[in-house]
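Remarks on the overall topology
Spelled out from the first residue to the last, the chains are:
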Amino acid sequence: MTTKKINILVLSYVHEGGEWIATQRLIKMLTELSDSLRFFLIGYTEGFKVDINSFEKILYIEAENVNRPFSFLRKLFFDFFKVRRAIIKLTKETESINIVLVSYFLMIFPLYSLYIIKKERVLFLFHGTKCIIKKFSDIDYRKIVILILERLALLLSSSIVVPSKFAEKFVQSLIYPLSYKKNYYLLPNGIHEIYLKKYSQNSLVAFRNLINIPISNKIILYSGRIVQYKGLEILIDAFIKILNFQRNLSLIIAYPKSSSDPQLLNLLNTTIREKGISLKVKFVTDIKPTNLAKIYKIADVLILASELEMAPLVIIESLASGTPCIATNTGNVEEVLSQVDPNLILKDKTSDEILYKLEYFFSLPKIKLQTMINNSKKIAQKYSSIKSTKTFIQMLESLAV
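What you are looking at is a predicted structure, and each value in this text was computed from that prediction instead of being measured. (Residues numbered from 1 in each chain as written. Predicted model: local features only at pLDDT ≥ 70, side-chain atom pairs only at ≥ 80, totals over all residues. Heavy atoms only, no water.)

This paragraph deals with the packing of helix H10 (residues 313-320) against helix H13 (residues 366-381). Where H10 meets H13, the closest approach of the two axes is 7 Å, and the angle between their N-to-C directions is 130°. If you check the angle between H10 and H13, you find them oblique. Handedness of the H10/H13 crossing: left-handed. Taking contact as the criterion, the partners of Ile316, Leu319 and Ala320 in H10 are, on H13, Ser376, Lys377 and Ala380. Here the contact of H10 with H13 is composed, by residue class, of 4 nonpolar, 1 polar and 1 charged. (Axes fitted to C-alpha atoms, helices over the stretch in contact; angles between N-to-C directions. Helix = DSSP H or I, 4+ residues; strand = E, 2+ residues; numbered from the N terminus. Parallel < 35°, antiparallel > 145°, perpendicular 65-115°, else oblique. Left-handed = near helix turned anticlockwise from the far one by under 90°. Contact = heavy atoms within 4.5 Å. Nonpolar A, V, L, I, M, F, W, Y, C, P; charged D, E, K, R; others polar.)

Turning next to helix H7 (residues 232-242). Among the residues of H7, Leu232, Leu235, Ile236, Ala238, Phe239, Ile240 and Ile242 are the ones counted as buried. Lining the buried residues of H7 we find strand E8 (218-223), strand E9 (249-255), helix H8 (262-274), strand E10 (281-285), strand E11 (301-304) and helix H12 (351-362). (Buried < 20%, exposed > 50% of the residue type's maximum accessible area, 1.4 Å probe, protein only.)

In spatial order, the strands read E3-E2-E1-E4-E5-E6-E7; together these 7 strands make up an open sheet with parallel pairing. Strands at the two margins of the open sheet, each flanked by one partner only, are strand E3 (55-62) and strand E7 (183-186). Taken over all neighbouring pairs, the strand axes of this sheet differ in orientation by 20° on average, direction set aside. The pairing of strand E1 (residues 6-13) with strand E2 (residues 37-45) spans 8 bridges and is classified as parallel. Counted as the bridge partner of Tyr13 is Tyr44 from E2. Seen against the sheet, helix H1 (residues 18-33) touches E1, E2, E3, strand E4 (99-102) and strand E5 (122-125) and runs at an angle of roughly 165° to E1. (Pairing = 2+ DSSP bridges.)

So, on to the packing of aromatic side chains. Applying the stated criterion across every chain yields a total of 11 aromatic pairs. Seen in terms of ring centroids, Phe77 and Phe81 are 5.0 Å apart; in terms of plane orientation they differ by 65°. Their pairing is edge-to-face. With Phe77 and Phe81 both in helix H2 (residues 71-93) and 4 residues apart, this pair spans about one turn of that helix. On the basis of relative accessibility, which here comes to 47%, the residue Phe77 falls in the partly exposed class. When the ring of Phe361 is compared with that of Phe362, the centres are 5.5 Å apart and the planes differ by 70°; the resulting orientation is edge-to-face. Of the two residues, Phe361 and Phe362, both sit in the buried class. (Phe/Tyr/Trp six-rings, centres within 6.5 Å; stacked < 30°, edge-to-face > 60°.)

One finds Phe239, Ile252, Ile253, Ile315, Leu337 and Leu358 to be the most contacted residues of the largest nonpolar core, which totals 73 residues. Residue contributions to this core peak at 7 residues, all from H7. Core analysis: the next-biggest nonpolar cluster, separate from the first, contains 45 residues, Leu106, Tyr112, Ile160 and Tyr184 among them. (Core = buried A, V, L, I, M, F, W, Y, C linked by side-chain atoms within 4.5 Å.)

Turning to the side chain of Glu168, a few remarks are in order. Residue placement: Glu168 occurs in helix H5 (residues 165-175). Assessed through its relative accessible area of 14%, Glu168 is described here as buried. Among the polar contacts made by the side chain of Glu168, one reaches the side chain of Lys165 at a distance of 3.2 Å. (Polar contact = N/O pair within 3.5 Å; in protein donor to acceptor, adjacent residues only side chain to side chain.)

Okay, here's the thing in structure tokens:
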């Protein structure tokens with residue numbers, strides 16, 4: 001008996017960030033668990049491209065570069081039509097599209113302008129907001145436009161897939177009072193098997209030597225994009241403070257260059273240089289997955305002091321690697337870290353609070369620390385998302401009927 005093929009179009013922003021990584025892992029897991037699903041990608045990109053075996057066909061759309069005046073609005077206008085043309089092209093070359101998964105808010109508008117698929121067969125994969133406005137000085141017209149478009153994209157979507165219950169409540173707050181009209185599907189972020197892999201001590205020591213970190217130093221890790229609201233400024237400040245009484249420490253900042261903020265990176269480098277701690281801080285960029293897994297393994301603790309997260313991948317990746325985390329109480333962080341040790345959850349977003357948590361962590365007895373490491377691995381495996389992905393497959397198959 002031949003299984004009916006279900007063609008699924010994915011509209012996504014392809015970049016070195018959590019949104020794309022989560023989308024990529026989801027598609028890979030879906031193809032591994034089901035022979036009936038066939039995926040086609042239209043990837044909006046600013047230069048970053050990746051070949052993925054999970055897709056039958058990939059069309060990349062280069063983000064438009066537009067000069068002033070009104071460069072941002074003109075860019076949105078041109079990008080809209082480029083995405084629209086790509087959708088027309090791919091749908092003509094494909095027998096039929098049964099379902100559309102959208103993970104980038106901007107791409108929902110050209111899709112609906114074409115009327116090629118029923119609204120009920122479009123799922124919005126929500127991974128977070130593109131901008132945060134915390135104070136009046138943060139406001140500019142670009143952020144206002146993005147906030148409006150994000151909300152419109154959610155309002156146009158009848159079904160929204162979220163990585164955590166926190167994300168569902170966050171979406172509901174964005175589109176209140178119309179939030180009750182939506183269907184919400186909980187699909188936790190999955191762990192890549194590379195973070196569960198065991199590495200020999202010799203290979204980890206060799207890697208440590210490669211990035212020039214003394215074997216006697218304990219390692220604090222930040223992994224992710226260098227952008228505003230990730231708490232990097234207060235992390236550097238806390239690191240400077242803890243060095244005053246504990247010198248055998250190193251800070252690794254592992255980040256993707258293409259999707260990070262160069263101005264913030266320059267600011268961090270200036271602070272590090274002026275404080276005379278350049279030898280203590282290692283910036284590692286554009287890392288291969290195997291090397292990132294090794295960075296998690298050699299680190300003693302990961303810090304994530306973000307203003308806002310939905311279900312941070314770095315937390316479960318780090319725990320799966322056996323590296324405990326200290327993190328802000330946002331997204332599903334409390335749900336995850338309370339199972340490891342509630343004392344690892346930051347009560348506020350200050351350098352003194354990070355310092356306090358680091359002092360607590362580094363003072364743990366060896367037996368308690370080893371128990372924490374073992375529990376971290378076990379807890380991370382609960383978030384493998386295989387069970388929820390199988391349920392998601394059943395939902396996709398029912399939609400395609």
